[in-house]
Amino acid sequence: MRRQRPGHRILSFHHRGLLLLAAAVAVMLFFLYGCVAGAAYSPRGRLVFIPLAQVSGSRTTSLFRFYLEGSKLPTAWYNVRADMKNKPAPLLNPGTGKPMGFEDLRPVFCDELIRQELDNDDREIPIPQEILDFYKMYRPSPLVRAYCLEEKLDTPAHIYYKFEGNNTSGSHKLNSAIAQAYYAKEQGLTGVTTETGAGQWGTALSMACAYLGLDCHVFMVKCSYEQKPFRREVMRTYGADVTPSPSLTTEVGRKILAEFPDTTGSLGCAISEAVECAASTPNTRYVLGSVLNQVLLHQSVIGLETKAALDKYGIKPDIIIGCAGGGSNLGGLISPFVGEMLRGEADYKIIAVEPASCPSLTRGVFKYDFCDTGKICPMAKMYTLGNGFIPSANHAGGLRYHGMSSIVSQLYHDGMLEARSVEQTAVFEAAELFARCEGILPAPESSHAIRVAIDEAVKCKENNEAKNIVIGLTGTGYFDMVAYGKYNDGEMRDVIPTDEDLQRGFATIPSFPGNE
C-alpha cells in the first residue's frame, strides 16, 4: 500500500477527475474566448484577450495579427486594367515597331500567359484549383500591426504590414512563380528560363519548378551572384542551373562582355540571356518575375487579401506604401485599392518607393524602351532610365531594373500614385530599426517601403494625426547579410547617378516617330 507523505493528502480518483474536468473547461474557455475576442501578446509580452469590437481602437485594444480563414483565400486574380480608362500601351515588336499579338509572343511566352498579358477587359481571372492548392500551403498571409515600431516612434499612426515572407522562398515572388510554372507544365513544356537580380524570383521559380518537375535555368545578375552565394545555393538545391550574367554561354552575353568587360551585370543583361537561352532550347519558354501585366495579375492576391482583412475589421488605410523595382509587389498590393479609386469608390494616398541609385519613376522618362539590354525583347512603354543603364555595383538594396511595369507607369503618369526615391544607407537604417522592434529581418527591397512608412509616421506625430499606414513587406533578408554587414561595418555608400549618367542611359532608348 502506498504510504502518504506527512502533511499531504492523497487525492481520490473522484477529486482528480474533477480537477481534470476543471482544467479541460478552462482550456476550452481559453480557446473559445481567444477565438471570439482574439488572443495576442501585448507589446510588453503579456498574453491579452481583445474583443473584436474594439479592434479599431487604441493600441491596447487591437489585434496584432489579422489572419483570414483559409476559405477566404481569393479564388480569382483581379485585373486592374479592366478599370483603367487609360490602358497600358501595347508591347511593340522590336523588329517592326508594330503592336505585338498572340502569335508574335508565342516563341517566347507560354500560351495562357500571353492571353493574360493581352487581356485588358476581364476584371477577374479564375485561379486554377491546382494553383489554389499550392497557395494554401502559405496563404492567406498575415497582416500585422507594428505596435512595437509605433511605440518606438511614439507616433499616433497605426502601421500595418502585409508579410509575404512566410514561405520557403522567402518572398512574394512565389505567387507568380507557381502560376507561370503551372501554365508551362499544362502546355506540355519541359523547362523554363528566367533572370533574377537579388535572387528572390529565381529562388521562387526554382521551388515552383521542383514542385512541378520542370527544368529551370536562372541567369543571375553577376554582382548578386557574388554577393548572395546562399541564395544561389538555395536555387541549386531546388535543382536549378544558375549562371552569373553576363556570361559567355550566350551570344548576347559575349557581346556585352566584349563591350563592357568589367560590368557587374544588370537585370536587362540577364533578361537578354534568358530569352536567348529559351529560344535556343527545345520545349522551353521564358518566364519573368516582374514588370509584365501577367505578373501583376498574379500578385493581386496580396492586395485582395490585404483589403479583405482590413475590411473585416473596419479599417480604412490612409496611406499605402510599396517598394518599386519592376512593379510586381507594388502593383499586386495596390491593385484592388486603385480599382476603387478608378471606379470613384474611395481615395487613398499611394506611394511607390525606389532606390535613389536606380530612380526610374522619379528621374526616368515615360517612353517606349527595350525591356532588356540586348534589345531582343519587346519594347514596352514605361518609365525608364534607358536599357543601357546599369546601376552602381555598390548598390546592395535590390530593385535594380532600368524600367518599370507598364501598369504602374501608366497609373503614375495619370496621377494615381506618387513616387519617392531613397538612399540605401537610410534604407538599411530603417531595416535595422524594424528588425529590432518587430523581430523580422526585412528584405532590403521591402525596407525601402519601411523607410518611407517611418517618415510618414513621424509626420503623423508632428501633426498629431492618427493615420492608418499599410506597408507591403515583400519578404525576409536572411540571404542579404553581406549587405547588412557592409552597413554595420560602415562600408556602405550612397551612389546616386549624375545627370550625365542618366543621359548616357537615355541615349540607348530607341527613337522613332512618337517616341522622341
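Look up a bit, the structure's there.
We now turn to the structure provided with this report. (Residues numbered from 1 in each chain as written. Predicted model: local features only at pLDDT ≥ 70, side-chain atom pairs only at ≥ 80, totals over all residues. Heavy atoms only, no water.)

**Focus: the sheet that holds strand 9 (residues 215-221)**
Sheet strands line up and pair through hydrogen bonds in the backbone, either parallel or antiparallel. Short version of the rule: A pair of strands is labelled paired if DSSP reports no fewer than 2 bridges between them. In DSSP terms, a helix is any run of H or I states spanning at least four residues, a strand is any run of E spanning at least two, and both are numbered starting from the N terminus. Axes here mean lines fitted to C-alpha atoms, for a helix over just the part in contact, with angles spanning 0 to 180 degrees between N-to-C directions. Whether two residues are in contact is decided by their heavy atoms: any pair within 4.5 Å suffices.
Here 4 strands make up an open sheet; going across it, the order is 10-9-8-11 and the pairing parallel. Either end of the sheet is taken by a strand with one partner, and the two such strands are strand 10 (241-245) and strand 11 (284-286). Here the strands of the sheet are splayed against their neighbours by 20° on average, with no regard to which way each runs. The strands touched by helix 9 (residues 229-237) are strand 8 (191-196), strand 9 and strand 10; relative to strand 9, the strand with the most contacts, the crossing angle is about 170°. Across the sheet, helix 11 (residues 267-280) is in contact with strand 8, strand 9, strand 10 and strand 11; its angle to strand 8 comes to roughly 170°.

**Looking at the packing of aromatic side chains**
For clarity, the threshold we go by: Pairing of aromatic rings covers Phe, Tyr and Trp, the last through its six-membered ring, and needs centres within 6.5 Å; plane angles under 30 degrees mean stacked, over 60 mean edge-to-face, and all others mean tilted. Distance and angle both matter: a charge sits over a ring if NZ of Lys or CZ of Arg is within 6 Å of the ring centre and within 35 degrees of the ring normal.
Overall, the coordinates contain 14 aromatic pairs when judged by the stated rule. Taking 6.2 Å as the distance between ring centres and 25° as the angle between the ring planes, the aromatic pair formed by Phe-428 and Tyr-487 counts as stacked. Of this pair, Phe-428 sits in helix 16 (residues 424-438) while Tyr-487 sits in helix 18 (residues 481-488), placing them 59 residues apart in sequence. Through pairs of rings, three or more aromatic residues link up here, namely Phe-134, Tyr-135, Tyr-138 and Tyr-211. The residue whose ring lies beneath Arg-232 is Tyr-225, and the NZ or CZ to ring-centre distance is 4.5 Å. Sitting over the ring of Phe-366, Lys-381 keeps its end group 5.0 Å from the ring centre.

**Section: unusual backbone geometry**
With an omega of -5°, the peptide bond running from Arg-139 to Pro-140 counts as cis. Structurally, the position occupied by Pro-140 is in the loop between helix 4 (129-135) and strand 6 (143-145). Of note in this structure, Asp-154 is not a glycine but carries a positive phi near 50°. As for its position among the elements, Asp-154 is in the loop between helix 5 (147-153) and strand 7 (158-163). One non-glycine residue, Asn-464, adopts positive backbone phi at about 55°. With respect to the helices and strands, Asn-464 occurs in the loop between helix 17 (444-463) and strand 17 (468-473).

**With respect to the nonpolar core**
Using the following cut-off: Among buried residues, the Ala, Val, Leu, Ile, Met, Phe, Trp, Tyr and Cys ones that are joined through side-chain atoms within 4.5 Å form a nonpolar core. For every residue, the accessible area (1.4 Å probe, protein chains only) is compared with the maximum for its type, and the residue is labelled buried under 20%, exposed over 50%, or partly exposed between those bounds.
Core analysis: the largest hydrophobic core is formed by 37 residues, its most contacted members being Trp-77, Ile-131, Tyr-135 and Leu-205. When residues of this core are traced back to their parent elements, those giving at least two are helix 4, helix 6 (174-186), helix 7 (200-212) and strand 9. For this core, the leading source of residues is helix 6, giving 8 residues. Here Ile-131 is in contact with Trp-77, Ile-178, Ala-179, Tyr-182 and Tyr-183, once residues within four sequence places are set aside. Grouped together as the second largest cluster of nonpolar side chains are 36 residues, Leu-143, Leu-296, Ala-324 and Ile-407 included.

**Structural notes on the pairing of strand 7**
Successive side chains on a regular strand alternate, one facing one side of the sheet and the next facing the other. Counting buried positions along strand 7 gives 6 out of 6 residues, so the element sits mostly inside the fold. Because side chains alternate across strand 7, one face comprises the buried residues His-158, Tyr-160 and Lys-162, and the other comprises Ile-159, Tyr-161 and Phe-163, equally buried. With 3 bridges joining them, strand 6 and strand 7 adopt antiparallel strand pairing. The residue of strand 7 that forms the bridge with Arg-145 is Tyr-160. Judged from the 6 bridges that link them, strand 7 and strand 17 form a sheet pairing that is parallel. Considered in strand 17, the bridge of Lys-162 is made with Gly-472.

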